[in-house]
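# Analysis of the macromolecular model
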Amino acid sequence: MSTFKDAGHLFRFAGLFVLAFLIFLVVRHYVVPKSFGQYGHYRGAAIGEIAAHPAKFAGHETCEGCHADVADKKKAGKHAHVNCEACHGAIYQHLPVPEQPKPNLYERFVVLIIHPMPPDPPLLRHAEDPASVKPELPDTAVLCIRCHTASAAKPKGFPQIVPADHYPGPPCGSCHQPHSPAMDAGGAK
Amino acid sequence: MNLSRRQMLVLLPAAAVAWKSVLAGTPEDSPNYKMTDHWWGMLIDIPKCIGCGNCVRACQTENDVPDGYFRTWVERYHVTDENMVSPEVISPDGGKEGFPVAAEDAGKYFFVPKMCNHCADSPCTQVCPVGATFVAPDGVVLVDQKYCLGCAYCVQACPYGCRYIHPKKDVADKCTLCYHRITQGLTTACCEACPTGARQLVDLKDPKDPIHEFLKTHSVQVLKPQMATGAKAYYYGLDGSVR
């Protein structure tokens with residue numbers, strides 16, 4: 001024992017070190033999220049949270065479920081590869097956010113911790129409630145020229161017009177059927 | 001703040017439960033989606049882009065991107081014969097409402113849609129000090145916004161300028177390749193809205209994906225290949241003047 005006769009201070013120091021390390025392990029256990037390191041140096045649960053974001057564009061297949069007649073007409077025309085929501089906009093629309101009562105201190109505290117990110121406003125899909133959620137009928141005067149106004153920057157083979165020279169006055173939709181716009185393919189109205 | 005002992009006793013267990021929920025996370029698992037079966041990227045066909053801005057608007061709608069910030073945007077290049085190395089580049093409001101008419105004069109014009117390149121060896125994920133941004137097992141670069149400090153180190157590190165600090169959330173934000181859509185079997189909002197098919201979502205691990213045939217038969221380039229970021233936004237018809 002004589003070897004350790006004057007080593008008491010070292011043992012006390014080692015004890016302190018071990019204690020600090022144990023405290024570190026306990027704190028780490030509670031502070032590091034459970035899924036951290038599941039796939040790599042990040043919180044694995046974040047992937048699922050990002051995947052849970054609500055989609056607003058439902059895809060053309062959803063539209064074609066009810067509007068098969070339009071889909072058939074479109075398939076035969078020049079706009080066959082233009083998806084419905086490219087012109088009509090997203091099928092999901094944000095509902096007006098109802099006025100929330102001011103949270104009391106308790107609610108504010110809990111909400112702050114559970115939802116560090118502001119929650120998404122509610123969504124409703126046109127397909128779920130066709131009467132109250134209607135995609136806006138596009139204004140052909142704006143919509144068509146956005147793509148078809150002639151510009152040197154556009155691909156040469158893409159159909160382009162100079163709006164001022166190309167039958168100025170009535171909107172495009174009064175002559176062209178937007179779902180199958182070519183005049184010689186029965187697209188004229 | 002005046003709290004009675006009774007209020008405090010109610011608050012503490014509630015806070016503990018809430019904190020536990022934050023730490024554990026409550027993901028909504030997508031059925032039938034296996035991350036290791038996919039390796040996502042994007043094919044951008046420059047000769048097909050007409051600069052209509054549909055992709056930019058769709059992205060902003062789909063992902064609630066604040067005005068003036070962009071997860072994807074479109075640039076218009078004007079390269080003159082005399083100056084091939086310093087092209088004139090414009091992107092008014094990210095190309096969201098289209099572009100002014102380009103006059104038919106000297107040189108060439110073309111549109112270049114830009115977005116996160118979802119790099120396999122991304123510089124942005126390497127600099128994050130807290131592990132808030134990462135390359136997911138399916139090759140998508142994501143941000144854990146609950147974990148992000150908002151230090152903006154990744155914003156500086158991205159060589160393509162694809163990240164920004166969200167003005168309301170004060171955390172890094174970027175293209176998720178519509179992760180919530182592709183895990184459900186849908187394509188991205190920008191691809192869905194593109195009227196000419198200039199953007200195509202590709203899955204490099206899917207042997208049936210037409211991208212394999214396309215890569216074999218076409219000259220395809222990535223942006224800034226010299227940076228060896230492993231970019232997965234493949235550009236067909238990319239001009240040498242594009243930066």
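Residues numbered from 1 in each chain as written. Chains lettered and ligands numbered in written order. Predicted model: local features only at pLDDT ≥ 70, side-chain atom pairs only at ≥ 80, totals over all residues. Heavy atoms only, no water.

## A few points about the environment of A:Ser174
All names here are of chain A. Counted only if it meets this: A run of H or I in DSSP becomes a helix once it reaches four residues, and a run of E becomes a strand once it reaches two; helices and strands are each numbered from the N terminus. Note on exposure labels: buried denotes an accessible area under 20% of the residue type's maximum, exposed denotes more than 50%, and partly exposed covers the range between, all computed with a 1.4 Å probe on protein chains only. The term polar contact refers here to a pair of N or O atoms within 3.5 Å; inside protein, the definition further demands a hydrogen-donor-capable atom paired with an acceptor-capable atom, and it admits residues adjacent in sequence only when both atoms are side-chain atoms.
Note that Ser174 resides in the segment after helix H7 (140–148). A relative accessible area of 40% means that Ser174 is categorised as partly exposed. Between the C-alpha atom of Ser174 and that of Tyr39, which follows or precedes it by 135 residues, the distance is 57 Å. Only 2.6 Å separates the side chain of Ser174 from the backbone oxygen of Pro171, close enough to count as a polar contact.

## Some points on the sheet that holds strand S10 (residues 220–221) of chain B
All names here are of chain B. Where we set the bar: Whether two strands pair comes down to DSSP finding at least two bridges between them.
Judged by pairing direction, the sheet is mixed, and its 4 strands sit side by side in the order S9-S1-S11-S10 without closing on themselves. In this open sheet, the two strands that pair with only one neighbour each are strand S9 (199–203) and S10. Two strands pair when backbone bridges link them, and S10 and strand S11 (residues 233–236) are joined in this way by 2 bridges, in the antiparallel orientation. Residue pairing across strands places Val220 opposite Tyr236, the latter belonging to S11.

## Thoughts on the environment of B:Thr133
All names here are of chain B. The following threshold applies: In what follows, residue pairs with any heavy atoms lying within 4.5 Å of each other are defined as contacts.
Relative to the helices and strands, Thr133 is located in strand S5 (residues 133–135). The sequence separation of Thr133 and Pro195 amounts to 62 residues, and the corresponding C-alpha distance is 32 Å. Residue contacts for Thr133: discarding those within four places in its chain leaves Cys124, Thr125, Cys128, Val141, Leu142, Val143 and Arg163. Polar side-chain contacts of Thr133 include one of 2.8 Å to the backbone oxygen of Leu142. Separated by 2.6 Å, the side chains of Thr133 and Arg163 make a polar contact.

## As for the pairing of strand S2 (residues 72–79) of chain B
All names here are of chain B. Burial within S2 is extensive, with 8 of its 8 residues counted as buried. With burial as the criterion, each face of S2 is covered, one bearing Thr72, Val74, Arg76 and His78 and the other bearing Trp73, Glu75, Tyr77 and Val79. Note that S2 and strand S3 (residues 88–90) share 3 bridges and pair antiparallel. Along S3, the bridge assignment pairs His78 with Glu88.

## Topic: the state of the cysteines
The cut-off we apply is this: Disulfides are defined as cysteine sulfur pairs within 2.5 Å.
One pass over the full model with this rule turns up 0 disulfides over all chains. Free of any disulfide, A:Cys87 has its nearest cysteine sulfur in A:Cys147, 6.9 Å distant. A:Cys87 gets classed as partly exposed once you look at its relative accessible area, which sits at 32%. Between B:Cys158, a free cysteine, and B:Cys162, which holds the nearest cysteine sulfur, the sulfur-to-sulfur gap is 4.3 Å.

## Some points on the confidence of the model for chain A
Close inspection of predicted coordinates is inappropriate for parts of the model with low pLDDT. What counts, and what does not: pLDDT is defined as a per-residue confidence score from the predictor, taking values between 0 and 100.
Taken over all residues, the pLDDT of chain A has a mean of 80, while the share at 70 or more is 78%. The low-confidence segment residues 185–189 of chain A (pLDDT under 50) makes 15 contacts with residues lying over four places distant or belonging to another chain.

## Description of a nonpolar patch on the surface
Convention followed: Exposure above 30% relative accessible area and the lack of any salt bridge qualify a residue for a patch; like charges then connect within 9 Å, and the nonpolar side chains Val, Leu, Ile, Met, Phe, Trp and Tyr within 5 Å. The Shrake-Rupley method, run with a 1.4 Å probe sphere, supplies the accessible areas, and residue values consider only the shown protein chains as cover. We count a salt bridge whenever a side-chain nitrogen from Lys or Arg sits within 4 Å of a carboxyl oxygen from Asp or Glu.
A contiguous nonpolar patch, built from A:Leu16, A:Leu19, A:Ile23, A:Val26, A:Val27, A:Tyr30 and A:Val31 and spanning about 690 Å² of accessible area, is present on the exposed surface. By the element assignment, A:Ile23 lies in helix H1 (residues 8–31).

## Description of the sheet that holds strand S4 (residues 108–115) of chain B
Working definition: the strands of a sheet are paired by backbone hydrogen bonds and lie parallel or antiparallel to each other. All names here are of chain B. Basically, it comes down to this: Here an axis means a line fitted to C-alpha atoms, over the contact stretch when the element is a helix, while the angle between two N-to-C directions is reported on a 0 to 180 degree scale.
With antiparallel pairing, 3 strands are arranged side by side in an open sheet as S3-S2-S4. Edge positions in the sheet fall to S3 and S4, since each of these pairs with one other strand and no more. Within the sheet, the average angular offset between the axes of one strand and its neighbour, ignoring direction, is 25°.

## Points about unusual backbone geometry
Residue and element names in this part refer to chain B. Located in the positive-phi region is Asp93, a residue other than glycine, with phi close to 50°. As for its placement among the helices and strands, Asp93 is situated in the loop between S3 and S4. For Asp93, a relative accessible area of 42% puts it in the partly exposed group. Positive phi, normally seen in glycine, also occurs at Ala228, with a value near 50°.

## Examining the nonpolar core
The test is simple: We define the nonpolar core as a collection of buried residues of types Ala, Val, Leu, Ile, Met, Phe, Trp, Tyr and Cys that are connected through side-chain atoms lying within 4.5 Å of one another.
In this structure, A:Ile47, B:Leu142, B:Leu177 and B:Tyr179 are the most contacted members of the largest nonpolar core, which totals 57 residues. At 5 residues, S4(B) tops the list of elements feeding residues into this core. With near-sequence residues (within four places) excluded, B:Leu177 lies in contact with B:Trp40, B:Gly41, B:Met42, B:Met115, B:His118, B:Val140, B:Ile182, B:Thr188 and B:Leu201.

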